[in-house]
Amino acid sequence: MSLKTALEKLPFYNTAVLPYHYAQSLVAGVKNGWPAKKLHVIGVTGTNGKTTTCFMLWHILNQAGKKTGLMTTVAWGIEDLEPELGHMTTVDALTLNKRIKAIKNQGAEYLVLEVTSHALAEFRTLGIPFEIAIFTNLTHEHLDYHKTIAKYREAKGKLFKKADFSILNADDPSCKYYEKLSHKYITYGIKNGQNQAKNIKLDVSGVKYSCGDMKIETKIPGEFNVYNSLAACLAAKQLGLSNDQIENGIKTLESVEGRMNIIDEGQPFTVIVDYAHAPDALEKVFDSVAGHKGKVISIHGGAGRRDPSTRPIRGAILAKYSDIVIITEDDSRDEDPEKIAEGFIKGAEKHGKVLGKDLFKELDREKAIKLAFEKAAPGDLVLILGKGHEKTILRADGPHDFEDIKVAKKLLHL
């Protein structure tokens, strides 16, 4: 174990290093001339849905002729996006400011920025003037860092204190908390909110609905993408785009890498790759495929040095909604993959799954995917969950090249 890893385990470590983070962000801003100052910056935060919402808004704006930069978990840039290889959503302050400067120098007018609670807690967004802040939802995640849900909620609240205008998910219990912090705001939702999605139609090819005088159609499936697309469309409207520009922009986005990606290589069963790794995100994925008629086979694992309390919870969710569960590796880092898997297996067993019958442990992720394909019959559904767009897997000896989408396609041709 490295000295840094050992120090990070100290209960007071995150607080102790805040002055360092502030100084780093101050230096980064000054060195790069506070590059976000003359951009229209839209920040998106929440537990789930941030990346998809960012991509949707970025695509709408660019399709409308507004040169727009994007910085997310998946990629960053303006048009020819660069992949984000660091397994980090909001990068460190030095990298963040350098990239914003590059985007600005390419002539961007707008920037859509995915903002995490870690980034807000550590001042990484210091000096960034947020014109609009979007709240997607808040559920159990990152408690290894924040320790309590209240502190996690509070960290995200910094974005809404900074922003001129907020767009808030009224169907989420934390909405009221963020309303009190916002200067001006509107709300959205399916059940609640000033802007409600109506006449919703869901299928595997996407979602359709109306909101006021907007008719929204997106090719990305799942009820949760009603929320994501509605937030993006409302932000675009707040920025002055017409209904035609918004409707055309959202309809022409084909997909977001690693988010409900259907892998079709001619196989007789369905394969979907998704980044879902928090309990709520897993629930949402299973909700979106609830109408599937065949068996559901799920592959999932947990990252090392991340909140271990979610592992049995996630194991139980997998067991509840899947006919067959395969527990595998994720970014184990310097934690024992066997120990990580143990938590998932306990949760799945408590929900009735039996190891060796409908519950399997295969810690080689490629072999786990292969096992799922071998067990899939025509009409079944294989869900490869947890890593989505990521290009590497982090093991004790460092990063190794690994992409769920590429591996799945390769195995389907064997």
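The coordinates are above.
Residues numbered from 1 in each chain as written. Predicted model: local features only at pLDDT ≥ 70, side-chain atom pairs only at ≥ 80, totals over all residues. Heavy atoms only, no water.

Q: Go over the overall build of the protein, please, and point to the residues and values.
A: Counting its secondary structure elements, the protein contains 16 helices and 20 strands. Taken against the 2.2 N^0.38 rule, which gives 22 Å for 414 residues, the C-alpha radius of gyration of the protein at 21 Å falls within 12% of a compact globule. In terms of overall dimensions, the protein has C-alpha extents of about 60 × 55 × 40 Å along its principal axes. The buried share among the 414 residues of the protein stands at 57%. Across the protein, every contact between residues at least 6 apart in sequence was considered, and the portion connecting residues at least 24 apart equals 68%. For the protein, the accessible area works out to roughly 17700 Å², and carbon and sulfur atoms hold 53% of it. Separation of charge centres in the protein, based on 57 positive and 53 negative side chains, amounts to 5 Å. (Helix = DSSP H or I, 4+ residues; strand = E, 2+ residues; numbered from the N terminus. Rg over C-alpha atoms; globule rule 2.2 N^0.38 Å. Buried < 20%, exposed > 50% of the residue type's maximum accessible area, 1.4 Å probe, protein only. Contact = heavy atoms within 4.5 Å. Areas by Shrake-Rupley, 256 points an atom, 1.4 Å probe, with all protein chains shown as cover. Lys, Arg positive; Asp, Glu negative; His and termini not counted. Charge placed at Lys NZ, Arg CZ, Asp CG, Glu CD.)

Q: Tell me about empty space enclosed by the protein, and name the residues and values.
A: Counted by the stated rule, this structure contains 2 cavities of 30 Å³ or more. As for the second largest cavity, its lining consists of Gly302, Thr328, Glu329, Asp330, Ser332, Pro337, Ile340 and Leu363. Of the residues that constitute the lining of the second largest cavity, the class distribution is 3 nonpolar, 3 polar and 2 charged. (1 Å grid on protein atoms, 1.4 Å probe; cavity = no way out; pocket = protein on both sides within 12 Å on 5 of 7 lines; lining within 4 Å. Points joined across faces, edges and corners; volume = space filled by probe spheres on them. Nonpolar A, V, L, I, M, F, W, Y, C, P; charged D, E, K, R; others polar.)

Q: Let's hear about helix 15 (residues 365–375): which residues, and what values?
A: Restricting attention to buried positions, one finds in helix 15 the residues Arg365, Ala368, Ile369, Ala372 and Phe373. On an axial view of helix 15, the arc spanned by its buried residues comes to 140°, and they lie on one face. Pointing more than 90 degrees away from the buried face of helix 15 are the exposed residues Lys367 and Glu374. Buried residues along helix 15 sit against strand 14 (270–274), strand 15 (296–300), strand 16 (324–327), strand 18 (381–385), strand 19 (392–395) and helix 16 (404–412). The backbone nitrogen of Glu366 lies 3.1 Å from a side-chain oxygen of the residue at the head of helix 15, namely Asp364. (Arc of directions from axis to C-beta. Polar contact = N/O pair within 3.5 Å; in protein donor to acceptor, adjacent residues only side chain to side chain.)

Q: Please provide a residue-by-residue account of the packing of aromatic side chains, values included.
A: Counted according to the given criterion, the structure contains 8 aromatic pairs. With a centroid separation of 6.3 Å and 90° between ring planes, the pair formed by Phe135 and Phe160 is classed as edge-to-face. Note that Phe135 is positioned in strand 6 (residues 130–135) and Phe160 in helix 8 (residues 149–162), a separation of 25 residues in sequence. Overall, the relative accessible area of 0% leaves Phe135 in the buried class. Ring centres of Phe160 and Tyr178 lie 4.8 Å apart, and the angle between their planes is 40°; this geometry places the pair in the tilted category. Of this pair, Phe160 sits in helix 8 while Tyr178 sits in helix 9 (residues 175–181); the two residues are 18 residues apart in sequence, bridging distant segments of the chain. Residue Phe160 is classed as buried on the basis of its relative accessible area, which comes to 0%. Over the ring of Tyr177 we find Arg153, and its NZ or CZ is 5.9 Å from the ring centre. Lys158 extends its terminal NZ or CZ atom over the ring of Phe123, reaching a point 5.2 Å from the ring centre. (Phe/Tyr/Trp six-rings, centres within 6.5 Å; stacked < 30°, edge-to-face > 60°. Lys NZ or Arg CZ within 6 Å of the ring centre and 35° of its normal.)

Q: I'd like a rundown of the pairing of strand 1 (residues 40–45), residues and numbers included.
A: For strand 1, the buried fraction is high: 5 of the 6 residues fall into the buried class. Pairing geometry for strand 1 and strand 5 (residues 110–114), over 5 bridges, is parallel. Bridge assignment links Val41 to a residue of strand 5, and that residue is Leu111. One ladder, built from 5 bridges, connects strand 1 with strand 6; its direction is parallel. Pairing of Thr45 across the sheet is with Phe135, part of strand 6. (Pairing = 2+ DSSP bridges.)

Q: So what's going on with the sheet that holds strand 13 (residues 261–263)? Which residues, and what values?
A: The 6 strands are arranged 13-14-18-15-16-17 in an open sheet whose pairing can be described as mixed. Two strands close off the open sheet at either side, each with one partner strand: strand 13 and strand 17 (359–361). For this sheet the average axis-to-axis angle between neighbouring strands, irrespective of direction, equals 20°. By the bridge criterion, 4 bridges tie strand 15 to strand 16 in an arrangement that is parallel. The residue of strand 16 that forms the bridge with Ile297 is Ile324. Helix-sheet contacts for helix 15 involve strand 14, strand 15, strand 16, strand 17 and strand 18, and the interaxial angle to strand 18 is about 165°. (Axes fitted to C-alpha atoms, helices over the stretch in contact; angles between N-to-C directions.)

Q: With reference to specific residues and values, describe the pattern of salt bridges.
A: Where charged atoms from two side chains of opposite charge approach closely, those side chains can pair. Tallied over the full model, the rule gives 19 salt bridges. One salt bridge connects Glu257 with Lys391, and the closest N-O pair in it is separated by 2.7 Å. Pair noted here: Glu257 is in the loop between helix 11 (243–251) and strand 13 and Lys391 is in the loop between strand 18 and strand 19, with a separation of 134 residues, a long-range link. Its relative accessible area of 19% is what places Lys391 among the buried residues. Lys284 serves as the salt-bridge partner of Asp280, at 2.5 Å between the closest nitrogen and oxygen. Of this pair, Asp280 and Lys284 both sit in helix 12 (residues 279–288), 4 residues apart, which is roughly one turn of that helix. Judged by relative accessible area, Lys284 falls into the partly exposed class, the value being 23%. (Salt bridge = Lys/Arg side-chain N within 4 Å of Asp/Glu carboxyl O.)

Q: Describe the sheet that holds strand 11 (residues 206–211), with residues and values.
A: The strand order across the open sheet built from 3 strands is 10-11-12, with neighbouring strands paired in antiparallel fashion. Every other strand in the sheet has two partners, leaving strand 10 (198–203) and strand 12 (214–218) as the edge strands with one partner each. Averaged over all neighbouring strand pairs, the angle between strand axes comes to 5°, with direction disregarded. In the sheet, strand 10 pairs with strand 11 via 4 bridges, with the strands oriented antiparallel. For Lys198, the partnering residue across the bridge sits in strand 11 and is Ser210.

From the geometry alone we can't say anything about function, so treat these as descriptive.
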